[in-house]
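Below, each chain spelled out in residue letters.
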Amino acid sequence: MTTRRLRLLLCLLLPLAFLLAACGDDDEGLDSGGGDGGGETTDPEVADTEFDDGTTMAELSEAGAIKIGVKYDQPGLGAVSLDSEEPEGFDIEIGKLVAAQLGIEPDGIEFIETVSANRETFIENGTVDIVVATYTINDERKEVIDFAGPYYVAGQDLLVGADDDSINGPDDLAGKRVCAASGSTPIERIREDYPDAEPVEFDTYTECVDQLLAGQIDAVSTDDIILAGYAADPQYEGEFRLVGETFSDEPYGIGLEKGDDEFRSFLNDTLEESYEDGTWESSFDATLGASGVEAPEPPEVDRY
């Protein structure tokens, strides 16, 4: 595990606790920049751009509306605010950046709850226009959809009970019940790379975490930054620990319809512009880094 990632995760535990606790305040929270040293999210400036007829960009811009698939259960990345009852987090801010570059006002964005198992289906059947939902880019998924990005790189880790000292890395998973979301990269990696573990699947990671709390499983496995959010959630205070031994690279991408090369290029251009003008960093600071955690260097987009 890199020093930068370890520092980020250790710093996230307290900052995210303050962030989540602030959601219940009348005048404070992620959207208002409340909390001690918390960042402030603001709607990005809506661009006034003309697109070539027949492109996805032109269709969405002319409609003034976009449907974005996001997670609802991942603190700091994509979770429903207790205050506004609207999704918020880093993934949500990435979706807003895309909409703004399309000339779509904030009230034209429809966020649709998406779980790991239905992301490709939602893209293929038109339920959503794009998916921004801790969506790891991999070759298997690229057979049916395309990706822009990545816009962040995480690493798979383990969440265990605070008093459980029997699991300190993936090599300790033999005979252990390990939970991850159905259709996710983590559950497939556990199944393929650690065959002596007992994989357990649910639709959402919240269900996995609740099973861990109840003692029905031994560990939850997904991306480190997602697990850090759960470990810091006040409702689970003192219940869990993050093992801190990552065993993969998980590049998060924006999922879109297969073969739409013009739209993918537009999305990559949008990400690169946000890297250069500082909006990507400010979005990170206001969500995952709400209490001052330094944003990492943004990753280089893959123009395959």
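Residues numbered from 1 in each chain as written. Predicted model: local features only at pLDDT ≥ 70, side-chain atom pairs only at ≥ 80, totals over all residues. Heavy atoms only, no water.

Draft legend 1. Here's a closer look at the overall build of the protein. If you tally the helices and strands in the protein, you get nine helices and 13 strands. Taken across its 304 residues, the protein has 56% of its residues classed as buried. Put simply, of all contacts in the protein between residues at least 6 apart along the chain, 72% involve residues at least 24 apart. Of the roughly 13200 Å² of accessible surface on the protein, 41% is carried by carbon and sulfur atoms. (Helix = DSSP H or I, 4+ residues; strand = E, 2+ residues; numbered from the N terminus. Buried < 20%, exposed > 50% of the residue type's maximum accessible area, 1.4 Å probe, protein only. Contact = heavy atoms within 4.5 Å. Areas by Shrake-Rupley, 256 points an atom, 1.4 Å probe, with all protein chains shown as cover.)

Draft legend 2. Region of the structure containing the packing of aromatic side chains. For the structure on display, the rule yields 14 aromatic pairs. Each ring, one from F90 and one from Y152, has its centre 6.4 Å from the other, and the planes form 75 degrees; the classification is edge-to-face. Taken together, the residues span a long stretch of sequence, with F90 in helix α3 (residues 90-101) and Y152 in strand β7 (residues 145-154) at a distance of 62 residues. In this structure, F90 and Y152 share a single accessibility class: buried. Pairing Y236 with F240 gives two aromatic rings, centres 5.3 Å apart and planes at 50 degrees, and the pair type is tilted. Both residues of the pair, Y236 and F240, belong to the buried class. Three or more aromatic residues joined by ring pairs make a cluster, and in this case those are F90, Y151, Y152, Y252, Y275, W280 and F284. Above the face of the Y304 ring, R264 is positioned so that its terminal group lies 4.3 Å from the ring centre. (Phe/Tyr/Trp six-rings, centres within 6.5 Å; stacked < 30°, edge-to-face > 60°. Lys NZ or Arg CZ within 6 Å of the ring centre and 35° of its normal.)

Draft legend 3. Broad picture of the sheet that holds strand β3 (residues 78-80). In spatial order, the strands read β2-β3-β4; together these three strands make up an open sheet with antiparallel pairing. Only two strands of the sheet have a single partner each, and these edge strands are β2 (73-74) and β4 (87-88). One ladder, built from two bridges, connects β2 with β3; its direction is antiparallel. Within β3, the residue paired with Q74 across the bridge is G78. (Pairing = 2+ DSSP bridges.)

Draft legend 4. Structural detail: the state of the cysteines. Scanning all chains against the criterion turns up one disulfide. Residue pairing for C179: its cysteine sulfur links by disulfide to C208, the two sulfurs lying 2.1 Å apart. As the torsion about the S-S bond is roughly -65 degrees, the C179-C208 disulfide counts as left-handed. In this pair, C179 sits in strand β9 (residues 177-181) while C208 sits in helix α6 (residues 205-213), placing the two residues 29 residues apart along the sequence. C179 sits in the buried class, given a relative accessible area of 0%. Relative accessible area serves as the criterion here: at 0%, C208 is assigned to the buried category. (Disulfide = S-S within 2.5 Å.)

Draft legend 5. Representation of the packing of α3 against helix α8 (residues 261-277) in the model. Interaxial distance between α3 and α8 falls to 10 Å at its minimum, and their mutual angle equals 110 degrees. On the basis of the axis angle, α3 is roughly perpendicular to α8. In terms of crossing hand, the pair formed by α3 and α8 is right-handed. Here I94, L97, V98 and Q101 of α3 come into contact with α8, specifically with F266, L267, T270, L271, E273 and S274. Looking at the contact of α3 with α8 residue by residue, the classes come out as six nonpolar, three polar and one charged. (Axes fitted to C-alpha atoms, helices over the stretch in contact; angles between N-to-C directions. Parallel < 35°, antiparallel > 145°, perpendicular 65-115°, else oblique. Left-handed = near helix turned anticlockwise from the far one by under 90°. Nonpolar A, V, L, I, M, F, W, Y, C, P; charged D, E, K, R; others polar.)

Draft legend 6. Here's a closer look at the nonpolar core. The biggest cluster of nonpolar side chains holds 58 residues, and the ones touching the most others in it are I66, I130, Y151, L159 and I254. Within the second largest apolar cluster, 11 residues are counted, among which are V160, I167, V178 and I190. (Core = buried A, V, L, I, M, F, W, Y, C linked by side-chain atoms within 4.5 Å.)

Draft legend 7. Molecular detail of the environment of R189. The residue R189 is located in helix α5 (residues 185-193) in this model. In sequence terms R189 and T222 are 33 residues apart; their C-alpha atoms lie 10.0 Å from each other. Once residues within four sequence positions are removed from consideration, R189 is found in contact with Q156, Y194, F247, S248 and E250. For R189, the side chain forms a polar contact with the side chain of Q156, separated by 2.7 Å. (Polar contact = N/O pair within 3.5 Å; in protein donor to acceptor, adjacent residues only side chain to side chain.)

Draft legend 8. Main features of the environment of E143. The residue E143 is located in the loop between β6 (130-131) and β7 in this model. Residues E143 and K258, spaced 115 residues apart in sequence, show a C-alpha to C-alpha distance of 8.1 Å.

Draft legend 9. Expanded view of α5. When α5 is considered as a whole, its buried residues turn out to be T185, P186, I187, R189 and I190. A side-chain oxygen of the first residue of α5 lies 3.3 Å from the backbone nitrogen of I187; this N-cap is S184.

Draft legend 10. Structural detail: the pattern of salt bridges. Evaluated as defined, the whole model comprises 10 salt bridges. Through salt bridges that share partners, D43, E93 and K96 make up one connected network. (Salt bridge = Lys/Arg side-chain N within 4 Å of Asp/Glu carboxyl O.)

Draft legend 11. Structural context of a negative patch on the surface. A surface patch of negative charge is lined by D52, D53, E59, E62 and E262. Looking at the element boundaries, D52 is found in the loop between α1 (3-22) and α2 (56-63). (Patch = residues over 30% accessible without salt bridge, like charges linked within 9 Å, V, L, I, M, F, W, Y side chains within 5 Å. Lys, Arg positive; Asp, Glu negative; His and termini not counted. Charge placed at Lys NZ, Arg CZ, Asp CG, Glu CD.)

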